[in-house]
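What follows is the residue order along each chain.
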Amino acid sequence: MCGIVGYVGKRDATPVLVEGLHRLEYRGYDSAGLAVVHRGRLQVTKTAGRVADLRAKVQPATKSTIGIGHTRWATHGEPNEVNAHPHTDTAGRIAVVHNGIIENAEQLRDQLTAAGVKLVSDTDTEALAHMIAAEIAADPTLSLSEATCRTLNRVEGAYGLVVLDTKRPDQLVVARNGSPIVLGIGESEMYVASDVAALVRYTRQVVYLEDGEVATLHSGDYQTKTLTDNGAPAAARAPMIVDAEAGDYELGTYPDYMSKEIHEQPEAIRRALRGRLDERFATARLGGINLDARELRSIRQVKFLGCGSAYYAGQMGAAIIEELARIPADAEPASEFRYRSPVVDPDTLYVAVSQSGETSDTLMAVQELKRKGGQVIGTVNVVGSAISRETGHGILLHAGPEVAVASTKALTNMAVNFALLGLLLGRVRDLSAASGDRIVNGLRNLPAQVADILATQTEIAAVAHLYAAADHMFFIGRVRGWPVAREGAQKLKEISYVHAEAYQAGELKHGPLALIQPEMPSVVVIPSDDLVAKNLSTIEQIKARGGPVIALTSVHDLPDSAADAVIRVPRAEPELEPILLNIPLQIFAYHAAAKLGRDIDKPRNLAKSVTVE
Ligand code: AGP
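### Examining the pattern of salt bridges
Item 1. The final tally for this structure, using the stated rule, is 33 salt bridges.
Item 2. Across the pair Glu135 and Arg154 runs a salt bridge, and its minimum N-O distance is 3.9 Å. Here Glu135 is found in helix α4 (residues 125–138), whereas its partner Arg154 is found in the loop between α5 (144–152) and β7 (159–165), with 19 residues between them in sequence.
Item 3. When its relative accessible area of 13% is taken as the criterion, Glu135 is described as buried.
Item 4. For Glu267, the salt bridge identified is with Arg274, shortest N-O distance 3.3 Å.
Item 5. A relative accessible area of 35% places Glu267 in the partly exposed class.
Item 6. Under the relative-accessibility criterion, Arg274 is labelled exposed at 53%.
Item 7. Overlapping salt bridges bring together Glu19, Arg23, Arg201 and Glu250 as one network.

### Focus on the site of the ligand
Item 1. Not every one of the 14 residues close to the ligand is listed here, only the nearest: Ser354, Gln355, Ser356, Thr359 and Glu494.
Item 2. At 2.6 Å from an oxygen atom of the ligand is found a main-chain nitrogen or oxygen belonging to Gln355.
Item 3. Glu494 is positioned such that a nitrogen or oxygen atom in its side chain is 2.5 Å from a nitrogen atom of the ligand.
Item 4. For the ligand, whose free accessible area comes to 410 Å², the fraction covered by protein is 92%.
Item 5. For the shell around the ligand, the secondary-structure elements that each account for two or more residues are α9 (309–325) and α16 (481–496).
Item 6. Per-element tally for the shell around the ligand: the top contributor is α16, with 3 residues.
Item 7. Residues lining the shell around the ligand come from more than one domain, with at least three contributed by each of domain 2 (254–453) and domain 3 (456–598).

### Quick notes on the domain arrangement of the chain
Item 1. Split by domain assignment, the chain resolves into domain 1 (3–249), domain 2 (254–453) and domain 3 (456–598).
Item 2. Summarising the inter-unit geometry, the C-alpha centres of domain 1 and domain 2 are found 34 Å apart.
Item 3. Each partner contributes residues to the interface: domain 1 has 12 residues there, and domain 2 has 11 residues.
Item 4. Contact between domain 1 and domain 2 buries roughly 1100 Å² in total, counting both sides, with carbon and sulfur atoms accounting for 53%.
Item 5. Taken as a group, Tyr26, Tyr208 and Tyr249 account for 43% of the area that domain 1 buries against domain 2, more than any other trio of residues on that side.
Item 6. Counting across the domain 1 and domain 2 interface gives 1 salt bridge.
Item 7. At the boundary of domain 1 and domain 2, one finds 4 residue pairs in polar contact (both at pLDDT 80 or more).
Item 8. Across the side of domain 1 that touches domain 2, the residue classes tally to 8 nonpolar, no polar and 4 charged.

### Some words on the sheet that holds strand β12 (residues 213–217)
Item 1. Ordered in space as β5-β6-β7-β8-β12-β13, the 6 strands form an open sheet in which the pairing is antiparallel. Unpaired on one side and paired on the other, β5 (87–88) and β13 (222–226) mark the two borders of the sheet.
Item 2. Sheet topology note: the β7/strand β8 (residues 172–177) ladder contains 6 bridges and is antiparallel. Bridge pairing in β8 links Gly160 to Arg176.
Item 3. Across the sheet, α4 is in contact with β5, β6 (94–99) and β7; its angle to β6 comes to roughly 140°.
Item 4. Lying over the sheet, α5 contacts β6, β7, β8, β12 and β13, oriented at roughly 140° with respect to β7.

### Describing the packing of aromatic side chains
Item 1. Evaluated as defined, the whole model comprises 6 aromatic pairs.
Item 2. Considering the side-chain rings of Tyr7 and Tyr191, the 5.0 Å spacing of their centres and the 55° angle between planes classify their relative orientation as tilted. Taken as a pair, Tyr7 in strand β1 (residues 3–8) and Tyr191 in strand β10 (residues 190–193) lie far apart in primary sequence, 184 residues in all. One exposure class covers both Tyr7 and Tyr191, and it is buried.
Item 3. A centroid spacing of 5.1 Å and a plane angle of 15° characterise the contact between Tyr191 and Tyr202, whose relative ring orientation is stacked.

### What to know about the nonpolar core
Item 1. Val302, Leu443 and Phe475 are the most contacted members of the largest nonpolar core, which has 124 residues in total.
Item 2. Contact partners of Val302, with chain neighbours within four places excluded, come to Ile321, Ile327, Pro328, Ala329, Asp330, Thr348, Leu349, Val351 and Leu425.
Item 3. Judged by nonpolar contacts, the second largest core, of 27 residues, contains Ala105, Leu142, Ala175 and Leu227.

### Notes on unusual backbone geometry
Item 1. Note the cis peptide between His85 and Pro86, where omega equals 0°.
Item 2. One non-glycine residue, Arg39, adopts positive backbone phi at about 50°.
Item 3. With respect to the element layout, Arg39 can be found in the loop between β2 (31–38) and β3 (41–47).
Item 4. Taking the relative accessible area as the measure of exposure, Arg39 reaches 74% and is therefore exposed.
Item 5. A positive phi angle, near 55°, is found at Ser188, a position not held by glycine.
Item 6. Relative to the helices and strands, Ser188 resides in the loop between β9 (182–185) and β10.

Rules of the game
- Residue indices follow the written sequence of each chain, beginning from 1 at its first position.
- Owing to the predicted nature of the model, reporting of local features is limited to residues with pLDDT of at least 70; listing and counting of side-chain atom pairs is limited to 80 or more, with chain, interface and lining totals taken over all residues.
- As a convention, hydrogens and water are excluded, and side-chain values are obtained from all of the structure's heavy atoms.
- By definition here, a salt bridge exists when the distance from a side-chain nitrogen of Lys or Arg to a carboxyl oxygen of Asp or Glu is within 4 Å.
- Where helices and strands are cited, they refer to DSSP runs of H or I of at least four residues and of E of at least two residues respectively, numbered from the N terminus.
- Each residue's exposure class comes from its accessible area (1.4 Å probe, protein chains only) as a fraction of the maximum for that residue type: buried when under 20%, exposed when over 50%, partly exposed otherwise.
- The rule for a residue being near a molecule or strand is that one of its heavy atoms must lie within 4 Å of it.
- Throughout this description, a polar contact denotes any pair of N or O atoms lying within 3.5 Å of each other; where both atoms belong to protein, one of them has to be capable of donating a hydrogen while the other can accept it, and for residues adjacent in sequence the pair is counted only when both atoms sit in side chains.
- Residue burial considers only the protein chains on display, and all accessible areas are found by Shrake-Rupley using a 1.4 Å probe.
- Segmentation into domains, and thus their bounds, comes from an automatic or database assignment.
- We call two residues in contact when some of their heavy atoms are within 4.5 Å.
- Buried area: the sum, over both parts, of the accessible surface (1.4 Å probe) that disappears when the two are put together.
- Only Asp, Glu, Lys and Arg are considered charged, only Ala, Val, Leu, Ile, Met, Phe, Trp, Tyr, Cys and Pro nonpolar, and every remaining residue, Gly among them, polar.
- By the convention used here, strands pair only if DSSP detects at least 2 bridges between them.
- Lines fitted to C-alpha atoms define the axes here, with helix axes fitted over just the stretch in contact, and angles between the N-to-C directions of these axes take values from 0 to 180 degrees.
- Two aromatic rings from Phe, Tyr or Trp, using only the six-membered ring of Trp, form a pair when their centres are within 6.5 Å; if the ring planes differ by under 30 degrees the pair is stacked, by over 60 it is edge-to-face, and anything between is tilted.
- Residues enter a nonpolar core if they are buried and are Ala, Val, Leu, Ile, Met, Phe, Trp, Tyr or Cys, with the set joined through side-chain atoms within 4.5 Å.

Shown next as structure tokens:
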């Protein structure tokens, strides 16, 4: 949510900042801006548009070796040029870019106004620039870091921020509290960003800042200290080498990231399975969760916590775990869990699910769990992210960088990893070796089966084109098909803006059937399970009311005449079928959105990782 980039070194900063912002645009894209120091003066360029507009606006002749930039997802104030970051003090000496939300912003803005400061934007961030400038004006001997710390000690809320002082054009000050910040170490140059995506083109050596830390970056070095502990130096951390390369973020021959990421799924699944299947004992190896057989056996229940698609993936995981391990499992939106004073059971394994590892609601749920002594592991895609560090152990998704706002390969890898967890929990209980073997083989077959589905893209696209003009759609599923239906509806509404609602098949007759009419198509998910006949009768109920039906199924002898359109996937082991059934719905949403001319990678009002409430 919002992207930050900063640079101090020997290069021309502007292209570095613009390139970094371009890489971060998926985090927020309603306005963008940058500030550099040119001939001792601050030069700020902003746009209410995208980074491409900013690129066209910046002064190519400006040669500056220090600067900060930002791409925004509006929280305080509408997305216009004035509210775009960086924000400055009145004299134009201090510039600040900020992610997160300052909760006492109104109070701070009122105090500044009372002191005669004229605020020009509606943002919380602008207050910070004025406050830092005021600290320096009151005591010119203060370092930029000290002035920033004094300001932040009056601030409540979440932030990742970078401060630039025109009078000290050799340093940037960076602070973190609840919003990700990563430092990139180059050769006599330092970078800072909210996400490694902005850095990997320049360096893979990074240090993640911890909450409550403030860093001062010079071209040749950096120092960190703690905000609260009287400015004591922060514990030294060895830089990490990022396991991603610039090429991982390139589109290659694909028209957009969603299409690229959909097609990367066979390889992403292979990566998730690599080294994790134990054929000898027909089980899974998940060393990262750090639980021995006795501890695994003592788990009496599993609860998945995530938001949006990560929550639906958790629902898929809960179903697989109940089936394989025969212990109760369920999923809950992390956004609800954190607010409802949950009863935390010491014998429950809580699984925090997040692609980005930065989703604020999920992170807060983890912190609430830890505070109450809950046993929590993380399943995240981004190494070094807040949730992976907060949980300390868990399962890495290994999906590779996911850039499109709509999650595809990460969700698939979540479900694959939950199947591994189910296998492991099952095999320390009553799941037989033969059944374990069946799941191991079923998992091994998934990449090729997903590739087979991708090969039918043209047919799925034709169905999507047929129904893209609908104003509303239903996605109907039951039991194994239910989370698939929910995720299918989510994907369609998110990128095509077609109103899509998911319903349990059995619930249709209790109300929503009233909405069925020729203008309301329904996708009905039909796995190869004991409920095929029930699902076919759901189709009949809908058809009898004139509703068009798209059947999505792994049942091979389902005749084409069963529905207005039939989308088929290969048969898999029954417990794993939701993983395959989900793929055509990604393709369906993608092609419906493309037909409607939507900005597929950057749907309106959304951002990739939601680091605010
Ligand atoms: C997925 O398509 C959505 N963009 C969204 O629901 C997402 O899954 C959710 O915000 C959670 O993100 P996370 O996995 O990074 O925590």
